[in-house]
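# Structure at a glance
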Amino acid sequence: LRPMLSLGNAFDDDELLAWHARVANLLERDDFEMVCELKYDGLAVALTYEEGVLVRGATRGNGSVGENVTANLRTIKSIRQRLLGAAPPRLIEVRGEVYFPKSKFELFNQERAAAGLQTYAHPRNTAAGSLRQLDPRMTAQRPLDIFVYSIGHLQGFRGGAQPESQGEALEYLKQLGFNVNDHNTTVSSPAQAIDFYRAWTENVESLDYGCDGVV
């Protein structure tokens, strides 16, 4: 419903500080909060719900048009078929990242090897290939998971106050029943954002999924 844009990159502290300065200039204030999130190494998808019911799932594709992989996405247990709550929005498109947990990927390969089947080299590529299977039953045999990280489009909001920030959006997504990463952290300065990045650079191997940066 809205383009899935690619992310801009900052490769060092100075580039992050320059980005912060540009945003501060646009906002005409420098005391704004930022939400730090892990950047998952998976496959980006958009999930569309009408009256709380999943009606469509698509890959990112070229950013405006992606592949319709609804049937395959329905096989992922952590993707809700129906949203929680008595008053879901009339229409909501959420963005998420489908991934293959590292521990389950290793077990998956062990089982394939024991059966004399070809093993796979990389969880991300296997997750992407799994979503593009022509037969959803093949996708269902692979223990994929998802983190939902943003609202792409929202119409007909009902109940309470509509989310006004990324932090509020993440909380709202939790209330709807989506799998939202527990490590998301709100900070108030670039220094705190850099601390978050460095802490996870040192501990990235402790995660059960691929991570190649911080958003």
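Let us look at the structure shown here. (Residues numbered from 1 in each chain as written. Predicted model: local features only at pLDDT ≥ 70, side-chain atom pairs only at ≥ 80, totals over all residues. Heavy atoms only, no water.)

### Here's the deal with the overall build of the chain
Note the following rule: Helix and strand assignments come from DSSP, with helices taken as H or I runs of at least 4 residues and strands as E runs of at least 2, each series counted from the N terminus. We take the radius of gyration over the C-alpha atoms and set the globule estimate at 2.2 Å times the residue count to the 0.38 power. Burial status follows relative accessibility: with a 1.4 Å probe on protein chains alone, a residue under 20% of its type maximum counts as buried, one over 50% as exposed, and anything between as partly exposed. In this description, contact between two residues means that some pair of their heavy atoms is separated by no more than 4.5 Å. To be clear on the numbers: accessible area is Shrake-Rupley with a 1.4 Å probe, and residue cover counts the displayed protein chains and nothing else. Asp and Glu count as negative and Lys and Arg as positive, but His and the ends of the chain are not part of the count. Here the site of a charge means atom NZ of a Lys, CZ of an Arg, CG of an Asp or CD of a Glu.
Of the regular secondary structure elements, the chain holds seven helices and eight strands. Over its C-alpha trace the chain gives a radius of gyration of 19 Å, about what one expects of a compact globule, namely 17 Å for 215 residues. C-alpha extents for the chain along the principal axes are approximately 60 × 40 × 30 Å. When burial is assessed residue by residue, the chain has 40% of its 215 residues classed as buried. When contacts within the chain are restricted to residue pairs at least 6 apart in sequence, those whose partners lie at least 24 apart make up 73%. As displayed, the chain has an accessible area near 12,100 Å², and 49% of this comes from carbon and sulfur atoms. Distance between charge centroids for the chain: 11 Å, based on 22 positive and 28 negative side chains.

### Re the pairing of strand E5 (residues 91-99)
A regular strand places its side chains so that they alternate between the two faces of the sheet. Just so we agree on the cut-off: In short, DSSP must find at least two bridges between two strands for them to pair.
With nine of nine residues buried, E5 lies mostly within the body of the structure. Every second residue of E5 is oriented toward a common face, with Leu91, Glu93, Arg95, Glu97 and Tyr99 on one face and Ile92, Val94, Gly96 and Val98 on the other, all of them buried. Strand direction decides the pairing type here: strand E3 (residues 43-50) and E5, joined by eight bridges, are antiparallel. For Leu47, the partnering residue across the bridge sits in E5 and is Val94.

### Points about the layout of surface pockets
Here is the rule: Space inside and on the surface of the protein is sampled on a 1 Å grid over the protein atoms alone, with a cavity defined as a set of points where a 1.4 Å probe fits but cannot get out and a pocket as an open set with protein on both sides within 12 Å along at least 5 of 7 lines; lining residues have an atom within 4 Å of a point. Grid points are joined across faces, edges and corners, and a volume is the space filled by probe spheres set on the points.
The calculated volume of the second largest pocket comes to roughly 240 Å³. Taken together, 19 residues make up the lining of the second largest pocket; nearest its centre are Leu1, Ala46, Ala58, Ser64 and Glu93. Counting residues per element, the ones that place at least two in the lining of the second largest pocket are E3, strand E4 (53-59) and E5. Looking at which element gives the most residues to the lining of the second largest pocket, the answer is E4, with four residues.

### A word on the packing of helix H1 (residues 13-27) against helix H7 (residues 190-203)
Short version of the rule: Axes here refer to lines fitted to C-alpha atoms; in helices the fit is confined to the stretch in contact. Angles between the N-to-C directions go from 0 to 180 degrees. In these notes the angle categories are as follows: under 35 degrees is roughly parallel, over 145 is roughly antiparallel, 65 to 115 is roughly perpendicular, and the rest is oblique. Whether a crossing is left-handed or right-handed is set by the direction in which the near helix is turned from the far one by less than a right angle, anticlockwise for left-handed and clockwise for right-handed. As a working rule, the residues Ala, Val, Leu, Ile, Met, Phe, Trp, Tyr, Cys and Pro are called nonpolar, Asp, Glu, Lys and Arg charged, and the rest polar, with Gly in that last group.
It is at 10 Å that the axes of H1 and H7 come closest, and there the two elements cross at 140°. Overall, the two elements H1 and H7 adopt an arrangement that is oblique. For the crossing formed where H1 meets H7, the hand is right-handed. Residues Asp13, Leu16, Leu17 and His20 of H1 form the contact with H7, whose own contacting residues are Pro190, Ala193, Ile194 and Arg198. Counted by class, the contact of H1 with H7 contains five nonpolar, one polar and two charged residues.

### Regarding the side chain of Asn109
With respect to the helices and strands, Asn109 occurs in helix H3 (residues 102-114). Take Asn109: its relative accessible area is 13%, and that puts it in the buried class. Apart from the residues within four sequence positions on either side, Asn109 is in contact with Thr119 and Tyr120.

### What about the packing of aromatic side chains?
To be explicit about the condition: In this scheme Phe, Tyr and Trp rings, the latter by its six-membered ring, pair at centre separations within 6.5 Å, and the angle between planes marks the pair as stacked below 30 degrees, edge-to-face above 60, and tilted otherwise.
Tallied over the entire structure, the rule returns ten aromatic pairs. Among the aromatic side chains, those forming a connected cluster through ring pairs are Tyr40, Tyr99, Phe147 and Tyr209.

### Describing the pairing of strand E6 (residues 145-155)
Where burial is concerned, most of E6 is hidden: eight out of the eleven residues are buried. Two elements, E5 and E6, share nine bridges in a ladder whose sense is antiparallel. Its bridge partner lying in E6, Glu93 is registered against His153.

Don't take any of this as a statement about function, it's just geometry.
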